[in-house]
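Listed here are the chains, written in short residue letters.
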Amino acid sequence: MLYLLEHPLITHKLTLLRKKETCTKDFRKTLSEIAGLMAYEISRDLPLRTIEIETPLQSCTTSELAREVIIVPILRAGLGMTDSINNLIPTAKVGHLGMFRDHETLEPRSYYAKLPPLLNDAVIMLLDPMLATGGSASKAISYIKKEGGKQIKLVCIVGAPEGVEKVETDHPDVDIYLAALDERLNEKGYILPGLGDAGDRLYGTR
Ligand code: PRP
Ligand code: URA
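Only a predicted model underlies this, so the values are computations on that prediction, with no experimental measurement involved. (Residues numbered from 1 in each chain as written. Chains lettered and ligands numbered in written order. Predicted model: local features only at pLDDT ≥ 70, side-chain atom pairs only at ≥ 80, totals over all residues. Heavy atoms only, no water.)

Student: Sorry, what's going on with unusual backbone geometry here?
Tutor: The general pattern is negative phi for most residues beyond glycine and trans for most peptide bonds. The linkage connecting Leu75 with the following residue, Arg76, adopts the cis geometry, with an omega of -5°. Residue Leu192 is joined to Pro193 through a cis peptide bond whose omega torsion reads -5°. Of note, Pro193 is situated in the loop between strand S15 (191–192) and helix H6 (198–203). The phi angle at Leu106 is positive, at roughly 65°, despite the residue not being glycine. Looking at the secondary structure, you find Leu106 in the loop between strand S6 (96–101) and strand S7 (108–114). (Helix = DSSP H or I, 4+ residues; strand = E, 2+ residues; numbered from the N terminus.)

Structure below.
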């Protein structure tokens, strides 16, 4: 299932991310803010369990999160979304998957993987700002499933129709959350209109 998280604040901030003149400092801050706003929606269906507590005045029946949440950024660019989501779910554990696209073939190459123990009932939020061909996300999801992950939410900021279709075909059980669904990919696999190379803009490497 694809969820498009349209909200005036997200749209406004995404415009700032797209502008070519936005500097690294503002790009990093804004990307993090968008991820924080998206966290509200992506966590909407997290299950709760009922508990009894004591307030300073009396006992009461209330609820707390029932399932462990694991946040998994795809390096590098997914790191820019991690802190703001982790700040809202501070008990979440964080795994890391390192991947980059081969510039010629656009195939994803894995160079690092470190996940916490993947409990069967954990909710796993896989983060990457860009869903282009969908190769990186699909490979990351396959790896997480191989390690035992069951409930996976893919959280991206900008997606191309080609990437959405690939993930939906390869992993129909995974929910996809996007702030924007763009037009298409160009011949080099970049999203149009997109925002350029998210990793480079986030870290000032180009
Ligand atoms: C970018 C982006 C995704 C991937 C998306 O990473 O952050 O991981 O490309 O493309 P795909 O959907 O076609 O696989 P990149 O390979 O540039 O690595 P980086 O984050 O280290 O810059
Ligand atoms: N990766 C990016 O960072 N940007 C794109 O447009 C496509 C892949």
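Student: Please clarify how the site of ligand 1 should be interpreted in this entry.
Tutor: Taken together, the neighbourhood of ligand 1 is formed by 16 residues, with Arg76, Arg101, Asp128, Thr133 and Ser136 sitting nearest. One of the backbone N or O atoms of Gly134 is found 2.8 Å from an oxygen atom in ligand 1. When ligand 1 is considered free in solution it has 500 Å² of accessible area, and contact with the protein chains removes 92% of it. Going through the elements one at a time, S6, strand S9 (130–131) and helix H4 (135–146) are the ones with two or more residues in the shell around ligand 1. (Near = heavy atom within 4 Å. Polar contact = N/O pair within 3.5 Å; in protein donor to acceptor, adjacent residues only side chain to side chain. Areas by Shrake-Rupley, 256 points an atom, 1.4 Å probe, with all protein chains shown as cover.)

Student: Explanation requested: the nonpolar core in the structure shown.
Tutor: Buried together is how nonpolar side chains tend to be arranged in soluble globular proteins. Leu14, Leu17, Ile34, Met38, Ile85, Ile157 and Leu195 are the most contacted members of the largest nonpolar core, which has 36 residues in total. Where this core is concerned, the elements lending two or more residues are helix H1 (8–18), helix H2 (24–42), strand S4 (69–75), helix H3 (79–88), strand S8 (123–127) and H6. Counting residues per element, this core draws most heavily on H2, at seven residues. Excluding anything up to four places from it in sequence, Met38 contacts Leu5, Ile10, Val155, Cys156, Ile157, Tyr177, Leu178 and Ala179. Within the second largest apolar cluster, 22 residues are counted, among which are Val72, Ala137, Ala140 and Ile144. (Core = buried A, V, L, I, M, F, W, Y, C linked by side-chain atoms within 4.5 Å. Buried < 20%, exposed > 50% of the residue type's maximum accessible area, 1.4 Å probe, protein only. Contact = heavy atoms within 4.5 Å.)

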